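Results of the structural survey
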Amino acid sequence: MSENEANPTHPTVDRLKTEFAGQGLRAAEFRGQTTVVVPRERMHDVLRFLRDDAACKYDFLSDVFGIDYLQYPEATDRFHVVYNLVSTRLNQRIFVKVPLNATLDTKGTADDPGLHLPSVCDLWPGAEWNEREVFDMFGIRFDNHPDLRRILLWESYPAFPLRKDYPLTGRGEREQYAVIDRDAS
């Protein structure tokens, strides 16, 4: 690990360390991109601060996405939700990662209390579709979301396909389709 990876030089990191001292925030820099890991309990406060603070001015939420670290060699948390923030005024970007762990062994079919985060639609209304996609593909629920329902799959779909424990061949949803070869088409 290089010195920059251990001690990011991004100006926002110093501001966060001052404002949220002792709150469990960690920061790293890799290939010029700075990431701050924030505990779930502080996530909404940190994101609100990054948006509202005059020295940060992160006025654009570029993306929200999920990551499944199942069987990743050094991972301590199964899931992360990542917020990609941009300050259009200062021309800066920062990633905020929030670790989550499932508390139930349900194969991804139940509402797991360990996979809940507060929605950031109150901070950035454009987060609505991104949060719906993370919910649809990973099963991570966003509390106080204005319209949390599936966006890519039908409502009764029984699983979350971007989880790494989802079988590559699916769970029976393809058996009903006839295989059409070149001669039959």
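Observations regarding the overall build of the chain
Helix and strand counts for the chain come out as four helices and seven strands. Looking at the chain residue by residue over its 185 residues, the buried ones come to 41%. Considering only intrachain contacts with a sequence separation of at least 6, the fraction spanning at least 24 residues in the chain is 52%. Surface exposure of the chain reaches about 11000 Å², of which carbon and sulfur atoms provide 49%.

Comments concerning the pairing of strand S4 (residues 79-87)
Of all nine residues in S4, nine are buried, a share of seventy percent or more. Both faces of S4 are covered, namely the face carrying Phe79, Val81, Tyr83, Leu85 and Ser87 and the face carrying His80, Val82, Asn84 and Val86. Alignment of S4 against strand S5 (residues 92-100), held across nine bridges, turns out to be antiparallel. Paired with valine 81 across the bridge in S5 is valine 98. Counting the residues in the hairpin turn of S4 and S5 gives four residues, including asparagine 91, whose phi is positive at 55 degrees.

Digging into the nonpolar core
Among the nonpolar cores identified, the biggest contains 34 residues, and Leu47, Leu50, Val81, Tyr83, Leu85, Val120 and Ile140 are the most heavily contacted of them. Those elements that place two or more of their residues in this core are helix H2 (11-19), helix H3 (43-52), strand S3 (60-68), S4, S5 and helix H4 (127-138). By residue number, the principal contributor to this core is H3, which donates five residues. Setting aside residues up to four positions removed in sequence, leucine 47 forms contacts with Tyr83, Leu85, Val96, Val120, Leu123 and Trp124.

The rules behind these values
- Per chain, residues are indexed from 1 in the order of the written sequence.
- Only residues with pLDDT of at least 70 get local features here, since the model is predicted, and only at 80 or more are side-chain atom pairs given and counted; chain-wide, interface and lining totals rely on the full set of residues.
- Derived side-chain values reflect all non-hydrogen atoms in the structure, with water molecules and hydrogen atoms excluded from consideration.
- Counting from the N terminus, the helices are the DSSP runs of H or I reaching at least four residues and the strands are the DSSP runs of E reaching at least two.
- Accessibility here uses a 1.4 Å probe with only protein chains present; expressed as a share of the type maximum, an area under 20% marks a residue as buried, one over 50% as exposed, and anything in between as partly exposed.
- The contact definition used throughout considers only heavy atoms, calling two residues in contact when any of these lie within 4.5 Å.
- For every accessible area listed, the method is Shrake-Rupley and the probe measures 1.4 Å; residues are considered covered only by the protein chains on display.
- A strand pair is defined by DSSP finding two or more bridges across the two strands.
- Nonpolar cores were defined as sets of buried Ala, Val, Leu, Ile, Met, Phe, Trp, Tyr and Cys residues, with membership established by side-chain atoms within 4.5 Å.

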